[in-house]
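# Coordinate inspection notes
Residue strings, one per chain:
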Amino acid sequence: MRNSRHRKRAAVALATAALTGVATLTACDASGDGSPVPGGPSAQDRAAPGPTRVWDTSPRSVAAVGDSITRGFDACSVLSDCPEVSWATGSDEGVRSLSQRLLGKQRAATHSWNHAKTGARMADLPDQMTRAAARDPELVTVMVGANDACRSSADDMTSVADFRTDFRDALSTLRRARPKAQVYVSSVPDLKRLWSEGRTNQLGKQVWKLGICASMLADADSMDRAATQRRQSVQDRVVAYNKVLKDVCAKDLRCRYDGGAVFDFRFDGDQLSHWDWFHPSKDGQSHLADIAYRAVTAARPRD
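Right, let's walk through the structure included here.

Quick notes on the rules
Residues numbered from 1 in each chain as written. Predicted model: local features only at pLDDT ≥ 70, side-chain atom pairs only at ≥ 80, totals over all residues. Heavy atoms only, no water. Axes fitted to C-alpha atoms, helices over the stretch in contact; angles between N-to-C directions. Helix = DSSP H or I, 4+ residues; strand = E, 2+ residues; numbered from the N terminus. Parallel < 35°, antiparallel > 145°, perpendicular 65-115°, else oblique. Contact = heavy atoms within 4.5 Å. Nonpolar A, V, L, I, M, F, W, Y, C, P; charged D, E, K, R; others polar. Pairing = 2+ DSSP bridges. Left-handed = near helix turned anticlockwise from the far one by under 90°. Core = buried A, V, L, I, M, F, W, Y, C linked by side-chain atoms within 4.5 Å. Buried < 20%, exposed > 50% of the residue type's maximum accessible area, 1.4 Å probe, protein only.

## Points about the packing of helix 9 (residues 191-198) against helix 12 (residues 225-250)
The angle between the axes and the distance between the axes are what describe a pair of packed helices. In the contact formed by helix 9 and helix 12, the axes pass within 8 Å of each other and the chain directions differ by 135 degrees. Between helix 9 and helix 12, the interaxial angle falls into the category oblique. Facing helix 9, whose interface residues are Leu191, Lys192 and Trp195, helix 12 presents Arg231, Gln232, Val234, Gln235 and Val238. When grouped by side-chain class, the residues that make up the contact of helix 9 with helix 12 number 4 nonpolar, 2 polar and 2 charged.

Below you can see the structure in the form of structure tokens.
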């Protein structure tokens, strides 16, 4: 009996050792020799940190590029630029532009420059970037895209692919000349909200009939299927443009997108020019400056 019990204990011990050996061998095959687990991250992937984004919340010079919004068009008088009230680089104390908030009034007068142009589209941005880069700015502000969606018809809007290519070219143009310049990118405003706010003003609707942003604003009172679909196609294109701005900017370590803050801003009639009910008024420019300043000086970008 004792020999039988001894043999049983020995067999159990051998079986246990064998199972332990199999388990150990399996573990070694999986990771013990440094080989990656099939389908899992490699040691190099685990060790390699992501690139560090670079952002200075106190830049000492500002150059602005973009379209009529940044030129302050129709904010002071009819059918004319008014760069002194520009949200980006204006000198008007009632607006308190981004450059004044960042640099102070005296320095802003000598270290901020407005290279935006009324009527500009994204295709015009590379040339504007060339002029901005010549100033050697620490920060470049970008607000462009409304004119790409505001065309004579929805069919004439800039394609998303061309919009992306032109924006990439613009950033590349800046990077070749000024690799360390920071870039603040504003989202394209919500044009459908502009229609819903402005259509309540009879004078504004009469001005729109002159052809202002016809792709969105034509037949402002029409609610038939064709008009509704047209407005929605413009809105969808603006949303797509903003995704391009976000995605392309995210690939540049010194670029910060506003996280859709301008698109999300719930502006009303007070923030619209009373000459065209389309461009920002002086009050609207001030709100844009608020949005930009918060974005530029934030410790972290808005998601």
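## Re the sheet that holds strand 2 (residues 112-114)
With respect to topology, 5 strands assemble into an open sheet ordered 2-1-3-4-5, the strand pairing being parallel. Single-partner strands in this sheet number two, and they are strand 2 and strand 5 (255-257). The average angle at which neighbouring strand axes cross in this sheet is 15 degrees, direction not considered. Here strand 4 (residues 182-185) runs beside strand 5; their pairing, made up of 3 bridges, is parallel. Note that in strand 5 the partner of valine 183 across the bridge is cysteine 255. Sitting on the sheet, helix 12 touches strand 4 and strand 5, and the angle it makes with strand 5 is about 150 degrees. Its contacts with the sheet put helix 14 (residues 282-297) on strand 3 (139-143), strand 4 and strand 5, and the angle it makes with strand 4 is roughly 135 degrees.

## Details of the packing of helix 6 (residues 125-133) against helix 8 (residues 160-177)
Closest axis-to-axis distance for the helix 6/helix 8 pair is 8 Å, and the angle between their directions is 20 degrees. By the angle between their directions, the pair helix 6 and helix 8 is classed as roughly parallel. Helix 8 is crossed by helix 6, and the crossing has right-handed handedness. Contact residues: helix 6 offers Leu125, Pro126, Met129, Thr130 and Ala133, while helix 8 offers Asp166, Phe167, Asp169, Ala170, Leu171, Thr173, Leu174 and Ala177. Taken together, the residues of the contact of helix 6 with helix 8 break down into 9 nonpolar, 2 polar and 2 charged.

## Comments concerning the nonpolar core
By size, the foremost hydrophobic cluster in this structure holds 47 residues, and its most contacted members are Leu125, Met129, Val142, Val185 and Leu191. Element by element, the count of residues in this core is highest for helix 12, at 7 residues. Once residues within four sequence positions are removed from consideration, valine 142 is found in contact with Val65, Leu125, Met129, Val183, Tyr184, Val185 and Ser186. With 21 residues, the next largest nonpolar core counts Trp55, Leu103, Met143 and Ala292 among its residues.

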